[in-house]
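Coordinate inspection notes
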Amino acid sequence: MKVPLAFDPDMVDYGPASGGVRAILRAWGELDWFAPPSGDPEAAFRAHLAAAQRHDAESFPDARVECVAGDWDDFIELCLCVRERPGWDWKFTGLKPLNAAHSRARGWMLDDQPSVDGGLWIRLPSGTTIWTLRWPDAAIAAAPEPARVQAGFYLSYANMDVVEAIEWQLADGHDDLADNPYVPLIATYAAGGYPFCMAADEYVLFTL
């Protein structure tokens, strides 16, 4: 299920990183959620892990990736497994701190950035800055009824990835995406791969 962006990223100026941010947004808007695999999701995901490891080898050690093809029942089971499993959380214990450390190292903070017309965040009167980019609700509706709750869970986490990909690029302040570890993760989704983290060194890469 493709859910195009509600705006044209080429019409918005994001400063020196505009080219990179626009490329990330275009890739996100072209994702065909929950479609059969295309391309090489395993290669894309391994590129993501390698890039993350370059930046934080302790949090992203050498990992085993098990590739699993299945149906919606299997997808539901994997979602429930990672939701109920205590301990390592790939997104909140791994990727989110990775992005935060990268921003700190470059002196970049979202709260310091001005609001952008037609942009991706807004500044509330309280001073809090929130992202307006949200996961594609229409893709949830494309899942069969029994799977929609878990599809929504998965997409809410995937939405974190595109936000952090953009923050990373803005902190870098240039167009080159080669060092951005979130870009190959978006490419994994684009190829029809859905990663699930079972432990810091163990992942399941699921395809429908």
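Here, the structure is the one placed above.
The structure contained in this document is the topic of the report that follows. Throughout, a residue's number is its position along its own chain's written sequence, starting from 1. Given that this is a predicted model, residues contribute local features only at a pLDDT of at least 70 and side-chain atom pairs are listed and counted only at 80 or more, while totals for whole chains, interfaces and linings are drawn from all residues. Think of the side-chain values as coming from all heavy atoms in the structure, minus any hydrogens and water.

**Topic: helix H4 (residues 90–105)**
Given a rise of 1.5 Å per residue, 16 residues ought to cover 22 Å, and the 21 Å separating the end C-alpha atoms of H4 matches this to within 8%. Where H4 bends most, at Lys-96, the angle is about 25°, and the proline Pro-97 comes one to four residues later. Burial status follows relative accessibility: with a 1.4 Å probe on protein chains alone, a residue under 20% of its type maximum counts as buried, one over 50% as exposed, and anything between as partly exposed. Here a helix means four or more residues in a row that DSSP labels H or I, a strand means two or more in a row labelled E, and each is numbered from the N terminus. Those residues of H4 that sit buried are Trp-90, Lys-91, Gly-94, Leu-95, Leu-98, Asn-99, His-102 and Ser-103. Residues of H4 that are buried sit in contact with helix H2 (41–55), helix H6 (148–172), helix H7 (183–190), strand E4 (194–199) and strand E5 (202–207). Phi for Gly-107, located one or two positions after H4, is positive at around 65°. Expected span of a helix, by definition, is 1.5 Å for each gap between consecutive residues, and there is one gap fewer than residues. What the bend at a residue measures is the angle between two axes, fitted to the seven residues ending there and to the seven starting there. By definition in these notes, contact holds between two residues if any of their heavy atoms fall within 4.5 Å.

**Section: the pairing of E4**
Where burial is concerned, most of E4 is hidden: five out of the six residues are buried. Pairing between E4 and E5: five bridges, direction antiparallel. Within E5, the residue paired with Pro-195 across the bridge is Leu-205. Between the antiparallel neighbours E4 and E5 lie two residues. Here a strand pair is declared whenever DSSP counts at least two bridges between the two strands.

**Some points on the nonpolar core**
Membership of the largest hydrophobic core comes to 56 residues, with the highest contact counts inside it found for Trp-33, Ile-166 and Phe-196. Element by element, the count of residues in this core is highest for H6, at 12 residues. Non-local contacts of Phe-196, meaning those with residues more than four positions away in its chain, are made with Phe-75, Leu-78, Cys-79, Val-82, Tyr-154, Glu-202, Tyr-203, Val-204 and Phe-206. Among buried residues, the Ala, Val, Leu, Ile, Met, Phe, Trp, Tyr and Cys ones that are joined through side-chain atoms within 4.5 Å form a nonpolar core.

**Considering H2**
Between its first and last C-alpha, H2 extends 22 Å over 15 residues, near the 21 Å set by a 1.5 Å rise per residue. Here H2 has its buried residues at Pro-41, Ala-44, Phe-45, His-48, Leu-49, Ala-51 and Ala-52. Seen from one end, H2 has its buried residues packed into an arc of 160°, which puts them on one side. Contacts made by the buried residues of H2 are with strand E1 (64–69), H4, H7, E4 and E5. To be clear, the arc concerns the directions from the helix axis to the C-beta atoms.

**What to know about the packing of aromatic side chains**
Note on aromatic contacts: the rings of Phe and Tyr and the six-membered ring of Trp form a pair at centre separations within 6.5 Å, being stacked when their planes are under 30 degrees apart, edge-to-face when over 60 apart, and tilted otherwise. This model, assessed by the stated rule, comprises 21 aromatic pairs. Aromatic pair Trp-28 and Trp-33: ring centres 5.5 Å apart, planes at 75°, arrangement edge-to-face. Overall, Trp-28 belongs to the buried group, its relative accessible area being 5%. Each ring, one from Trp-33 and one from Tyr-194, has its centre 6.4 Å from the other, and the planes form 35°; the classification is tilted.

**Points about the pattern of salt bridges**
The rule for a salt bridge is simple: a side-chain nitrogen of Lys or Arg has to be within 4 Å of a carboxyl oxygen of Asp or Glu. Inspection of every chain in the model, using the stated rule, returns seven salt bridges. The shortest N-O distance in the salt bridge between Lys-96 and Glu-164 comes to 3.9 Å. Of this pair, Lys-96 sits in helix H4 while Glu-164 sits in helix H6, and the two are 68 residues apart along the sequence. For Lys-96, a relative accessible area of 38% gives the class partly exposed. A salt bridge links Asp-172 to Arg-106; its shortest N-O distance comes to 2.9 Å. Of this pair, Asp-172 sits in helix H6 while Arg-106 sits in the loop between H4 and strand E2 (121–123), and the two are 66 residues apart along the sequence. In this structure Asp-172 comes out as buried when scored by relative accessible area, which is 17%. Of the residues examined, Arg-106 reaches a relative accessible area of 41% and is grouped as partly exposed.

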